[in-house]
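Next come the chains, spelled out residue by residue.
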Amino acid sequence: MGLFKKSGLEDERITNLKNKIFAEVYILVMAIAVISILFKYFINDFDIEGIATELIILFSSAVYFLYRSTRLGVFSAEIEMHDRENKWSQQKKNLVGSITFGVVIALVFGTNSAVQYADGMIQSIYYFLLTAAASLLIYLPFLLIFIVGGNEILKKNSEKSINRMLKDESGDSDEKY
C-alpha cells in the first residue's frame, strides 16, 4: 500500500525548510522545558523530584545531539569551521572558559564561606582563602577534564567517523539521506 514508504525524489529546498522548522520546534520544546523547570522548582519549594522529567529531557536531548553530530562527523567539521573563522581556536576557548569558570566558582564559594561562617576579619580571610583554594583544587581539574578533554575525545571520534565514511563510499549506517 505504501503508506509509510518514502518517496525517492525530494526537493533540497523543501528538505532544508523542514529541517529549519524541526530546529525551531526543538528550541521551542527546550524553552518550554526550561520554563517548566523554573516554575516547578520555585513553586514546589526547590523539590528536585518535581522537575526530574524535564531534566531528563534536557540531558538526553543534549547527549543525543552530541552522539549524532559525532557519528556523522558534524562535530569536527563545526570545530574546523569555527577555528578557520575565529581568532581563538575552540580548544583555547574551552581552556580559558574552564579556567575562568573554575576561578569564579572558587571565588563565589570562598566569599560565601567568609561571609556566612566567619566571626572576625582574620577568620573571614582565612575561610575565604581556604575555601577558594579547596574549590580550585576540586573544580578546576574536573572542569578541564570534562570540558577540554571531552571536547577532544568527541572531535577525534567525529574525525574517525568522517574517515570511515570516506573509506566506505556507501556512507555511514547512521545516515538518513
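Heads up: the structure comes first, above all this text.
For the rest of this paragraph, the subject is the overall build of the chain. Along its length, the chain carries five helices and zero strands. From first element to last, N terminus to C terminus, the chain shows the α and β order α-α-α-α-α. The dimensions of the chain, computed from C-alpha atoms along their principal axes, are 80 × 40 × 25 Å. Split into buried and exposed, the 177 residues of the chain put 21% on the buried side. Taking as baseline every contact in the chain between residues at least 6 positions apart, the subset at least 24 positions apart corresponds to 62%. As presented, the chain carries roughly 13600 Å² of accessible surface, and 68% of it is formed by carbon and sulfur atoms.

Here Ser158 shows up in helix α5 (residues 121-167). In this structure the side chain of Ser158 is engaged in a polar contact, spanning 3.0 Å, whose partner is the backbone nitrogen of Ser76.

Reading guide: rules and limits
- Residues numbered from 1 in each chain as written.
- Predicted model: local features only at pLDDT ≥ 70, side-chain atom pairs only at ≥ 80, totals over all residues.
- Heavy atoms only, no water.
- Helix = DSSP H or I, 4+ residues; strand = E, 2+ residues; numbered from the N terminus.
- Buried < 20%, exposed > 50% of the residue type's maximum accessible area, 1.4 Å probe, protein only.
- Contact = heavy atoms within 4.5 Å.
- Areas by Shrake-Rupley, 256 points an atom, 1.4 Å probe, with all protein chains shown as cover.
- Polar contact = N/O pair within 3.5 Å; in protein donor to acceptor, adjacent residues only side chain to side chain.

Geometry only, nothing functional implied.
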